[in-house]
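The lines below spell out each chain.
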Amino acid sequence: MKKRRPWGNTFCFLMALVMLCTGLALPAAADMGPKPSVEVLFQGLEGERYQVTLLSDRVQYGPWSAKEDYQDWMGDQEAFEAFASYPAPAGWYFLGEYADCTETGRFVWSYYPPETFYVLVWLPDAGRYLCSSQPVSRYAFDSRFAASVSGDTLTVRPAYDYAGEALGLAVRAVLTILLEAGVGWLVFGLRQRAQMALVFKVNLVTQLALNLLLNLSGYYWGPLLTGAVYLLLELAVFLAEGAVYARKLSWNGKKPHPWLYALAANALSFGAGWELAQWLPGVF
């Protein structure tokens, strides 16, 4: 009978672990877990008292409906009636969600925000409205917009922090490469220039690919699914690195441990990344 290779048992174990963790990460009900959100940051209304809502091109979106009458739990009745009476463009509707943004300068709709919308501002002291000049659409799982006011004009544009995301990607990749090279140096005795060069080259490719795919996953799908994707991508990275090390990495007379090294290095970087994500969520 053909014997199973030593790393085969490890592979099967990891596959089972990934499937178990993925199952535990998924929501138990259809309405659980993070939902897409819209955040609008305002400039030009400092010192003004104002309330904000989004006008939807659907009569109903998620739990929100244009057909609902005011009820006590809906908050400020004056603001509700002001938005409800606004002469919205044909085919656009006030769904009942609004907030006073005077203190914060930001409006967040975090539970089933409309896909496409106008931003509508009501200034009660002045008795006037400001409505964005054209509708905008959500572009990511968590879509951020900048709204600037000049006179009677409200301009809304996407304001995603691409530079910050790129910096976070680079920092994660560099720290991971250093961690995995350190494991090779300290634990597995990979201290020759050729050995370190191969380790750096392999990790540069795998870590940039891993972190780019994680960024894209978070951008489009949000944190819940990205957590499951993270496990699967880490498994793929382990297999890719182990295969390269088994074929290309010279051990110079020592007993080779390419798969053990790949497993140890990726387990350390995975654990470190998961822990640091709790402390530096903007970077990890």
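In what follows, the structure referred to is the one given above.
Described below are features of the structure shown in this document. Since we're looking at a predicted model, the values are computed, not measured.

### Section: unusual backbone geometry
Link 1 in the chain: Located in the positive-phi region is Y112, a residue other than glycine, with phi close to 55°.
Link 2 in the chain: When you line up the elements, Y112 lands in the loop between strand 6 (106-109) and strand 7 (116-123).
Link 3 in the chain: On the basis of relative accessibility, which here comes to 28%, the residue Y112 falls in the partly exposed class.

### Re a nonpolar patch on the surface
Link 1 in the chain: A surface patch of nonpolar side chains, about 610 Å² in accessible area, is lined by L212, L213, L216, Y220, W221 and L225.
Link 2 in the chain: Here the nonpolar patch gets five residues from one element, more than from any other, and that element is helix 4 (residues 193-221).
Link 3 in the chain: Examined against the element boundaries, L216 turns out to sit in helix 4.
Link 4 in the chain: By relative accessible area, L216 is classed as partly exposed at 41%.

### Notes on the side chain of N211
Link 1 in the chain: Along the chain, the position of N211 falls in helix 4.
Link 2 in the chain: At a separation of 2.7 Å, a polar atom in the side chain of N211 contacts the main-chain carbonyl oxygen of Q207.
Link 3 in the chain: Those residues in contact with N211 that sit more than four places away from it in its chain are L169, R172 and A173.

### So, the nonpolar core
The tendency in soluble globular proteins is for nonpolar side chains to be buried side by side.
Link 1 in the chain: Of all hydrophobic cores here, the largest spans 27 residues; its most connected members are F42, V119, V121 and L154.
Link 2 in the chain: For this core, the element with the highest residue contribution is strand 7, accounting for four residues.
Link 3 in the chain: For L154, the contacting residues outside a window of four places in its chain are F42, V119, V121, L130, C131, S132, S133, A147, S148 and V149.
Link 4 in the chain: Core analysis: the next-biggest nonpolar cluster, separate from the first, contains 17 residues, F188, L198, L249 and A262 among them.

### Some words on the environment of L169
Link 1 in the chain: Checked against the element boundaries, L169 lands in helix 3 (residues 162-186).
Link 2 in the chain: Sequence-distant contacts of L169, defined by excluding residues within four places in its chain, comprise L208, N211, L212 and N215.

### Here we look at the pairing of strand 7
Link 1 in the chain: Where burial is concerned, most of strand 7 is hidden: eight out of the eight residues are buried.
Link 2 in the chain: Here strand 7 shows two buried faces, one formed by T116, Y118, L120 and W122 and the other by F117, V119, V121 and L123.
Link 3 in the chain: Pairing of strand 2 (residues 51-56) with strand 7 involves six bridges; the strand directions are antiparallel. Across the sheet, the residue bridging to Q51 is W122, located in strand 7.
Link 4 in the chain: Two elements, strand 7 and strand 9 (residues 136-137), share two bridges in a ladder whose sense is antiparallel. When the sheet's bridge partners are listed, T116 is paired in strand 9 with S137.
Link 5 in the chain: Both strand 7 and strand 8 (residues 128-131) contribute to a ladder of four bridges, which runs antiparallel. Counted as the bridge partner of V121 is L130 from strand 8.
Link 6 in the chain: Counting the residues that bridge the hairpin from strand 7 to strand 8 gives four residues, and of these G127 lies at a positive phi of roughly 65°.

### Quick notes on the packing of helix 4 against helix 5 (residues 223-248)
Link 1 in the chain: Orientation of helix 4 relative to helix 5, taken along the N-to-C sense of each, is 165°, at an axis distance of 10 Å. Between helix 4 and helix 5, the crossing angle belongs to the class labelled roughly antiparallel. Helix 5 is crossed by helix 4, and the crossing has right-handed handedness. Contact with helix 4, carried on its side by L198, V199, V202, N203, T206, Q207, L210, L213, L214, S217, G218 and W221, involves P223, L225, T226, V229, Y230, L233, E234, V237, E241, V244, Y245 and K248 of helix 5 and no other residues of that element.
Link 2 in the chain: The class makeup of the residues in the contact of helix 4 with helix 5 is 15 nonpolar, six polar and three charged.

### Quick notes on the packing of helix 3 against helix 4
Link 1 in the chain: In contact at an axis separation of 9 Å, helix 3 and helix 4 are set at 145° when each is read in the N-to-C sense. Both helix 3 and helix 4 take part in a crossing whose hand is right-handed. Residues Y162, E165, L169, R172, A173, T176, I177, L178, E180, A181 and W185 of helix 3 form the contact with helix 4, whose own contacting residues are M196, V199, F200, N203, L204, Q207, L208, N211, L212, N215 and Y219.
Link 2 in the chain: For the contact of helix 3 with helix 4, a count of residues per class yields 14 nonpolar, five polar and three charged.

### Focus: the sheet that holds strand 10 (residues 142-150)
Link 1 in the chain: If you trace the four strands from one edge of the open sheet to the other, you get 6-1-10-11, paired in mixed fashion. At either margin of the open sheet sits one strand with a lone partner, and together these are strand 6 and strand 11 (153-158). Averaged over all pairs of adjacent strands, the angle between their axes in this sheet comes to 20°, without regard to strand direction.
Link 2 in the chain: Summarising the sheet, strand 1 (residues 37-43) and strand 6 pair through four bridges and their orientation is antiparallel. If you follow V40 over to strand 6, its bridge partner there is F107.

What counts, and at which threshold
Residues numbered from 1 in each chain as written. Predicted model: local features only at pLDDT ≥ 70, side-chain atom pairs only at ≥ 80, totals over all residues. Heavy atoms only, no water. Helix = DSSP H or I, 4+ residues; strand = E, 2+ residues; numbered from the N terminus. Buried < 20%, exposed > 50% of the residue type's maximum accessible area, 1.4 Å probe, protein only. Patch = residues over 30% accessible without salt bridge, like charges linked within 9 Å, V, L, I, M, F, W, Y side chains within 5 Å. Areas by Shrake-Rupley, 256 points an atom, 1.4 Å probe, with all protein chains shown as cover. Salt bridge = Lys/Arg side-chain N within 4 Å of Asp/Glu carboxyl O. Polar contact = N/O pair within 3.5 Å; in protein donor to acceptor, adjacent residues only side chain to side chain. Contact = heavy atoms within 4.5 Å. Core = buried A, V, L, I, M, F, W, Y, C linked by side-chain atoms within 4.5 Å. Pairing = 2+ DSSP bridges. Axes fitted to C-alpha atoms, helices over the stretch in contact; angles between N-to-C directions. Parallel < 35°, antiparallel > 145°, perpendicular 65-115°, else oblique. Left-handed = near helix turned anticlockwise from the far one by under 90°. Nonpolar A, V, L, I, M, F, W, Y, C, P; charged D, E, K, R; others polar.

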